[in-house]
Amino acid sequence: MRKLLLTALIAATASVSTMATAGTYSQTKYPIVLAHGMFGFKSLLGGAIDYWYQIPGDLRANGATVYVTQVAALESSDVRGEQLLKQVRDILAISGKAKVNLMGHSHGGHSIRYVADAIPTKVASVTAIGSPVKGSPVADLVVSTGPLSPVAYGALNALAGIIEMFNGAGSFNQSAKNSIAALSTSGSAAFTSRHPAGVPTTSCGSGASTVNGIKYYSWGGTKRLTNVLDPTDALLGLTGLFIPGANDGLVSQCSSHLGVVLRDNYSMNHLDEVNLMFGLRDIFSTDPKSVYREHANRLKTAGL
């Protein structure tokens, strides 16, 4: 009996030890701030649909402090950047931490770069996820439609309004025209001229890993069709046809590069990168949650 009790105690101790390790795996020194992309939101229909589906919860379960932000679904990079900057200042005040780790998906990548330049001493790291650092041909296509553009912009603004109505996380003016212009090749180049930190100087290379004491990282996917049950796959499969080479449906493999390129060819499309559609993805691909979890551990190991 004594031997059985001892064995049970050792097993229980090992289990507690494992849980403790798992509980601090993603415990970064500074809070993680998530910035959404175009048409982004915190959650819809009272939490029924989350933009970062299960990602914040998974990070928190592994020790991270996570803040999910909300800016205009459709606006210029500068306007969205200013909106995020205000929220980051609030997060710094609320958390009492000296810095934050910024992670931005899609157009959110522009937003976090804006904030990093505005308050460099308050930012520990910048991570761009599927972000059109050098623009998207899909945005170029919309801009080039000429007479059709007002119709397209009107439809996009209406969609943004519907999303905001069901979001309930704030009220913002929406401008599809400004958003598309910002995400075009020329618009992104203009933004980079003002915020060049971490952007590769070659067509498909890596950028500076550290600028002004801030660590820069990026990752993205290159598979457009990943799950037959995901209704958004068809749209991304279509838009991806207008992008030369490997892409995630909206952003090309090389355009997603910023700072240290952790990986640029995950078997994920643009929405899989945030696990958006209830986690529907390629069943043989890496779980998006694990990518965020492991990156948080990378930041933790770096003292961030």
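The shown structure was predicted, so the numbers you read here are calculated from the model rather than taken from an experiment.

K.L.:
Account for the packing of helix 4 (residues 108–118) against helix 8 (residues 185–194), with residues named and values stated.
P.N.:
At a minimum axis distance of 11 Å, the contact between helix 4 and helix 8 shows a crossing angle of 20 degrees. Put simply, helix 4 runs roughly parallel to helix 8. Crossing angle aside, the handedness with which helix 4 passes helix 8 is left-handed. Seen from helix 4, the contacting residues are His110, Arg113, Tyr114 and Asp117; seen from helix 8, they are Ser188, Phe191, Thr192 and Arg194. Residues belonging to the contact of helix 4 with helix 8 are distributed by class as follows: two nonpolar, three polar and three charged.

K.L.:
Please set out the packing of aromatic side chains residue by residue, giving values where relevant.
P.N.:
In this structure the tally under the stated criterion is six aromatic pairs. When the centroid spacing of 5.9 Å and the interplanar angle of 80 degrees are considered together, the rings of Tyr53 and Phe278 count as edge-to-face. You can see Tyr53 sitting in the loop between strand 3 (49–50) and helix 2 (55–61) and its partner Phe278 sitting in the loop between strand 9 (260–266) and helix 10 (288–301), a full 225 residues away along the chain. Taking the relative accessible area as the measure of exposure, Tyr53 reaches 19% and is therefore buried. Judged by centre distance (5.5 Å) and plane angle (80 degrees), the rings of Trp219 and Tyr292 are edge-to-face. One end of the pair, Trp219, is in strand 8 (residues 214–221); the other, Tyr292, is in helix 10, and 73 residues separate them in sequence. Owing to a relative accessible area of 3%, Trp219 belongs among the buried residues under this scheme.

K.L.:
Outline the pattern of salt bridges, listing residues and values.
P.N.:
Tallying each qualifying case throughout the model produces five salt bridges. Asp78 serves as the salt-bridge partner of Arg194, at 3.3 Å between the closest nitrogen and oxygen. Taken together, the residues span a long stretch of sequence, with Arg194 in helix 8 and Asp78 in helix 3 (residues 77–95) at a distance of 116 residues. Judged by its relative accessible area of 29%, Asp78 falls in the partly exposed class. Measuring nitrogen to oxygen at the nearest pair gives 3.6 Å for the salt bridge that ties Asp90 to Lys86. One end of the pair, Asp90, and the other, Lys86, are both in helix 3, four residues apart, so they sit about a helical turn from each other.

K.L.:
So what's going on with the pairing of strand 1 (residues 32–35)? Residues and values would help.
P.N.:
Neither face of strand 1 is open: one carries Ile32 and Leu34, the other Val33 and Ala35, and all of them are buried. Summarising the sheet, strand 1 and strand 4 (residues 66–68) pair through three bridges and their orientation is parallel. Bridge pairing in strand 4 links Ile32 to Val66. Pairing analysis gives four bridges linking strand 1 to strand 5 (residues 100–105), with the strands arranged parallel. Its bridge partner being in strand 5, Ala35 is matched across the sheet by Gly104.

K.L.:
Run through the environment of Ser76, naming residues and quoting values.
P.N.:
Within the fold, Ser76 resides in the loop between strand 4 and helix 3. The class of Ser76 is buried, set by a relative accessible area of 18%. Taking C-alpha positions, Ser76 is 8.0 Å from Ile180, a pair spaced 104 residues apart along the chain. Among residues more than four places away in sequence, those in contact with Ser76 are His107, Asn178, Ser179 and Ala182.

K.L.:
An account of the environment of Val88 is requested, with residue identities and associated values reported.
P.N.:
Within the element layout of this structure, Val88 appears in helix 3. Looking at Val88, the relative accessible area reads 0%, which means it is buried.

K.L.:
Before we move on, could you go through the side chain of Ser26 and cite the residues and values that matter?
P.N.:
Along the chain, Ser26 turns up in the loop between helix 1 (2–24) and strand 1. On the basis of relative accessible area, Ser26 is assigned to the buried category, the value being 0%.

K.L.:
Quick rundown of unusual backbone geometry? Include the residues and the values.
P.N.:
Glycine aside, a negative phi is what most residues show, and trans is what most peptide bonds show. At Asn275, a position not held by glycine, the phi torsion is positive, near 60 degrees. Summarising the element assignment, Asn275 is placed in the loop between strand 9 and helix 10. Among the residues examined, Asn275 registers a relative accessible area of 3% and is labelled buried. Positive phi, normally seen in glycine, also occurs at Phe278, with a value near 55 degrees. By relative accessible area, Phe278 is classed as partly exposed at 43%.

Scoring rules and cut-offs
- Residues numbered from 1 in each chain as written.
- Predicted model: local features only at pLDDT ≥ 70, side-chain atom pairs only at ≥ 80, totals over all residues.
- Heavy atoms only, no water.
- Axes fitted to C-alpha atoms, helices over the stretch in contact; angles between N-to-C directions.
- Helix = DSSP H or I, 4+ residues; strand = E, 2+ residues; numbered from the N terminus.
- Parallel < 35°, antiparallel > 145°, perpendicular 65-115°, else oblique.
- Left-handed = near helix turned anticlockwise from the far one by under 90°.
- Contact = heavy atoms within 4.5 Å.
- Nonpolar A, V, L, I, M, F, W, Y, C, P; charged D, E, K, R; others polar.
- Phe/Tyr/Trp six-rings, centres within 6.5 Å; stacked < 30°, edge-to-face > 60°.
- Buried < 20%, exposed > 50% of the residue type's maximum accessible area, 1.4 Å probe, protein only.
- Salt bridge = Lys/Arg side-chain N within 4 Å of Asp/Glu carboxyl O.
- Pairing = 2+ DSSP bridges.

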